[in-house]
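The lines below spell out each chain.
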Amino acid sequence: MCITYFLDFVEESIDLMLISEYFEESVVLLKVSLNWDLEDVAFFSLNKAIDTSSLDEFTDSEMNKVIEWNFIDYLLYTRMLDKFFKKIYSPRIDLSSEVAKLRSINAQYTKYCVKEAKVDPKLYGASQIIGYTLNSEQRMVEKCKQMTADELTYVRETRTYMESICEKEIE
């Protein structure tokens, strides 16, 4: 009963949860939720493994253990995944068209911003991770830097920017 109450509460409290396995679709839903343009949600894949074949696959037994150990997380994930699928199959969104446009915009930014994509020795894990060298002569250097910033840097810069806007509004 308590778990069901918790799951109901979370589902009612969170309108949109981004699902990493469906990241492009999630970003399109975010764009729709915030009434933004696709340009506003364009992205580069950061910390992306070049070859995921070196990553281990779980056996059925291991997967059952993971679900057992993380049972509430699993229930929450499956509940939010169901909610997510209801949103992406909504008739008010032409999702396949929007995802195709987003991919096109991302490709344009990659062509425009990225001088070189290569293995970054500072990023490590079970697989080699891609890092980017940006074109420095481009006029949109700031946008390109934002798109390749790590999460902490991006959040810090966004907070600073938003605080400056709020301070101006107060004055």
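These numbers were taken from a predicted model, which means no experiment stands behind them.

What counts and what doesn't
Residues numbered from 1 in each chain as written. Predicted model: local features only at pLDDT ≥ 70, side-chain atom pairs only at ≥ 80, totals over all residues. Heavy atoms only, no water. Helix = DSSP H or I, 4+ residues; strand = E, 2+ residues; numbered from the N terminus. Buried < 20%, exposed > 50% of the residue type's maximum accessible area, 1.4 Å probe, protein only. Contact = heavy atoms within 4.5 Å. Expected span 1.5 Å × (residues − 1). Arc of directions from axis to C-beta. Core = buried A, V, L, I, M, F, W, Y, C linked by side-chain atoms within 4.5 Å. Phe/Tyr/Trp six-rings, centres within 6.5 Å; stacked < 30°, edge-to-face > 60°. Axes fitted to C-alpha atoms, helices over the stretch in contact; angles between N-to-C directions. Parallel < 35°, antiparallel > 145°, perpendicular 65-115°, else oblique. Left-handed = near helix turned anticlockwise from the far one by under 90°. Nonpolar A, V, L, I, M, F, W, Y, C, P; charged D, E, K, R; others polar. Patch = residues over 30% accessible without salt bridge, like charges linked within 9 Å, V, L, I, M, F, W, Y side chains within 5 Å. Areas by Shrake-Rupley, 256 points an atom, 1.4 Å probe, with all protein chains shown as cover. Salt bridge = Lys/Arg side-chain N within 4 Å of Asp/Glu carboxyl O.

Student: Please clarify how the side chain of Asn106 should be interpreted in this entry.
Tutor: As for its position among the elements, Asn106 is in helix α5 (residues 95–113). Its relative accessible area of 8% is what places Asn106 among the buried residues. Contacts of Asn106, omitting those with residues within four sequence positions, involve Ala42, Phe43 and Phe44.

Student: Help me out: how do you make sense of α5 in this one?
Tutor: Residues spaced three or four apart along an α-helix face the same direction, because each turn holds 3.6 residues. Between its first and last C-alpha, α5 extends 26 Å over 19 residues, near the 27 Å set by a 1.5 Å rise per residue. Regarding α5, the residues found buried are Leu95, Glu98, Val99, Leu102, Ile105, Asn106, Tyr109 and Cys113. One face of α5 carries all of its buried residues, which in axial projection span an arc of 125°. Structural note: α5 exposes Ser96 and Lys111 on the side pointing more than 90 degrees away from its buried face.

Student: Please explain the nonpolar core as it appears in this structure.
Tutor: Nonpolar side chains in soluble globular proteins tend to be buried together. With 22 residues, the main nonpolar core has Val28, Leu102 and Tyr109 as its most contacted residues. Top element by residues in this core is α5. It accounts for 6 residues.

Student: Could you clarify how one ought to interpret the packing of aromatic side chains in this entry?
Tutor: Aromatic ring pairs are described here by two measures, namely the spacing of the ring centres and the angle between the planes. The tally for this structure, following the rule as stated, stands at 5 aromatic pairs. Taking 5.2 Å as the distance between ring centres and 75° as the angle between the ring planes, the aromatic pair formed by Tyr22 and Phe85 counts as edge-to-face. With Tyr22 in the loop between α1 (2–13) and α2 (23–34) and Phe85 in helix α4 (residues 71–88), this pair connects stretches of sequence that are 63 residues apart. Exposure remark for Phe85: the relative accessible area of 21% places this residue in the partly exposed category. Ring geometry for Phe23 against Phe43: centres 5.0 Å apart, planes inclined by 90°, an arrangement best described as edge-to-face. Of the two residues, Phe23 sits in helix α2 while Phe43 sits in the loop between α2 and α3 (60–69), which places them 20 residues apart along the sequence. On the basis of relative accessible area, Phe23 is assigned to the partly exposed category, the value being 36%. An aromatic cluster is defined as three or more aromatic residues linked by ring pairs; in this entry it consists of Tyr22, Phe84, Phe85 and Tyr89.

Student: What should I look at first to understand the side chain of Ser26 in this one?
Tutor: As for its placement among the helices and strands, Ser26 is situated in helix α2. Sequence-distant contacts of Ser26, that is, excluding residues within four places in its chain, are made with Leu16, Leu18, Ile19 and Phe84.

Student: In this structure, what is going on with the packing of α2 against α4? I would like to understand it.
Tutor: A pair of packed helices is characterised by two quantities: the angle between their axes and the separation of those axes. Put simply, α2 and α4 touch, their axes get as near as 11 Å, and they point 65° apart. Taken together, the axes of α2 and α4 lie roughly perpendicular to each other. Our pair here, α2 against α4, has a crossing hand that is left-handed. Taking contact as the criterion, the partners of Glu25, Ser26 and Leu29 in α2 are, on α4, Phe84, Lys87 and Ile88. The residue inventory of the contact of α2 with α4, partitioned by class, reads 3 nonpolar, 1 polar and 2 charged.

Student: Got a minute to help me understand a nonpolar patch on the surface in this structure?
Tutor: On the surface, a nonpolar cluster with roughly 430 Å² of combined accessible area is contributed by Ile3, Phe6, Phe71, Ile72 and Tyr74. Secondary-structure elements contributing two or more residues to the nonpolar patch are α1 and α4. Here the element with the most residues in the nonpolar patch is α4; it accounts for 3 residues. Note that Phe6 resides in helix α1.

Interpretation in functional terms is not warranted from these geometric data alone.
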